[in-house]
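Coordinate inspection notes
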Amino acid sequence: MDTRLLVPDDWEVFEHASGRILAIAERGSNSGLFRTNFALTVDGATSSDVVGDEQRFDEEFRAYQVIDLEPFELDGGHGLHRLAQYVTADALPLTMEQWCIGPYTLTATVETLRYDDYADLFEQVVNTWSLEPTGSGTDRNEGDGD
Amino acid sequence: MAIRILDGDVVRMRLAEWDTLLADPEYTASAPDKSQSLTKALEIARRHSAKIILEVAERDRISRHHGWIAASDTLLLMEVDDCEYQVIPTSTDLVPAALADLLEVYPRKPSSTRPNGESVPADILEDLLAQNATRRGAAFERHRLDRAWRLSAHGPMRARAIGGVLGPNGHAMLAAGDQSWSLVPVSNRQLWRTLTTVPTKLVASLSRPAVTSPVSE
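Residues numbered from 1 in each chain as written. Chains lettered and ligands numbered in written order. Predicted model: local features only at pLDDT ≥ 70, side-chain atom pairs only at ≥ 80, totals over all residues. Heavy atoms only, no water.

1. Overview of the overall build of chain B
The secondary structure content of chain B amounts to 8 helices and 11 strands. Buried residues in chain B amount to 50% of all 217 residues. The contacts in chain B between residues at least 6 apart in sequence include a share of 55% that link residues at least 24 apart. Accessible area for chain B stands at about 10300 Å²; split by element, carbon and sulfur atoms hold 52% of it. (Helix = DSSP H or I, 4+ residues; strand = E, 2+ residues; numbered from the N terminus. Buried < 20%, exposed > 50% of the residue type's maximum accessible area, 1.4 Å probe, protein only. Contact = heavy atoms within 4.5 Å. Areas by Shrake-Rupley, 256 points an atom, 1.4 Å probe, with all protein chains shown as cover.)

2. A look at the nonpolar core
Formed by 53 residues in total, the largest nonpolar core has its most connected members in Trp129 of chain A together with Trp149 and Leu151 of chain B. The element best represented in this core is helix α2 (residues 115-127) of chain A, accounting for 7 residues. Those residues in contact with Trp149 of chain B that sit more than four places away from it in its chain are Leu54, Glu55, Val56, Leu103, Leu125, Leu129, Ile162, Gly163, Gly164, Val165, Met173 and Leu191 of chain B. Ranked by size, the runner-up nonpolar core spans 17 residues in total, among them Trp68, Ala70, Tyr85 and Val87 of chain B. (Core = buried A, V, L, I, M, F, W, Y, C linked by side-chain atoms within 4.5 Å.)

3. Some remarks on the sheet that holds strand β10 (residues 170-176) of chain B
Residues and elements named next belong to chain B. Spatially, β1-β2-β6-β5-β4-β3-β8-β9-β10-β11-β7 is the arrangement adopted by the 11 strands of the open sheet, whose pairing is antiparallel. Each edge of the open sheet carries a strand with a single partner, namely β1 (4-6) and β7 (118-120). When strand polarity is set aside, the average angle formed by the axes of neighbouring strands in this sheet is 25°. In this structure, strand β3 (residues 50-58) lies alongside strand β8 (residues 147-154), joined through 7 bridges in antiparallel fashion. Looking at β8, one finds that Glu55 is bridged to Arg150. The strands touched by helix α7 (residues 188-196) are β8, β9 (159-167), β10 and β11 (181-185); relative to β10, the strand with the most contacts, the crossing angle is about 55°. Against the sheet, helix α8 (residues 198-205) touches β3, β4 (61-69), β8 and β9, its axis set at about 55° to β8. (Pairing = 2+ DSSP bridges. Axes fitted to C-alpha atoms, helices over the stretch in contact; angles between N-to-C directions.)

Interpretation note: all reported values are geometric properties and have no functional meaning in isolation.
Shown next, in the form of C-alpha cells:
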C-alpha cells in the first residue's frame, strides 16, 4: 500500500536515507526557533496499544500532555488521531498532531502558541491524504502555500 | 503575614497577602523571607500586560485562579486549597498547558449526545459560578453539567471573557447568537486552539478599543 498527500508547494521536503521517513518543513520561521513541519513515517502496522503508546510518549517527551485521542478514518481504514503537547529540551512547548493508519503515521508539529495559525492547514493537508494500491509520493500543492 | 515557603521554593499565601505584597514596591528588597520564586513573581506581576482570572466550578466547589501575563513570562496564582494560592512564575508559552490542565482537556468518551447549539439563559455562568453553593448546585442540577468555567482577561483598553462547560458529552463553549446564547459543543482540538490563543491573540485584543466580541465584553 502506498500513500499520497498534498503539501504546501513552498515547503521543503526531506527524505530520510532509510526511505521510511519523509519530512516536510516550512521554510524559515517567524521566531527562528522552530520550523513547523510534517513527518510521514512508515513503520509497520499502526499500534493498537494506545495506552502503551501514551506511556511511551510520557516517558520520551518532557511535560507530555495528551489533549485528544479519537478514531480517524481514511479510505475505509480505521486509525487514530492524537493531539498532544510537550516541551523540548530548550523549554519550547510544541503541539503535536498525529494521524496514524495502517503502516503510516503523519505527524504535524508546531510551536504551541502558533498552533491556531496552522490548525486549518494541518486539516487541509490531512484531507488530501490517501492510501493507494499503487504509485506513491508527496505532491506539491498547486494552490496557495498556506 | 502568613507566606509559606515550602521545600523547592514553593510559595503559598492567601490572595489578600499577595495584594499587599504587590502594592508594596519596597517588599522585594526588604523581604526577610525572600524566595527566588516570590521575587520573580512580583517582578512579572509589576510589568504584566494583561491579567486573567479563571473561575472553575463544580457542584460542590469553586476555584479562582489568577494570572499576570507579560510578553515572555507569566505569573500564575493557582488556588490550591481553601483559598490558599500557590505562586507559579512560568513561561507565557506554557499558559495554554496550564489552562488545559485546569479545564481537564484530555481524551474522554462522550456518554451522551446533546444537540448542537443548545440555547441557554444569558446568565447561565452567573448561576454555575455562583459563590452561593445552593444557587450553584441548583444550576448544575438543572443543566446536568459536571463543570463550568469562565476565563476573563483584563487589559489596558478593555476586558473580554470566554466561558464553557463540561458535561456528559464533553466540552461546550458559550456563544452569543443574534437573539440568544447557546452552548456549542467543541472538540478538544477546537478548545485547545482557543486556549493557545489566550496569551497571544486574546491578550493582544485587550490593547485595542472594543468593537464587537463573539462572547462578551
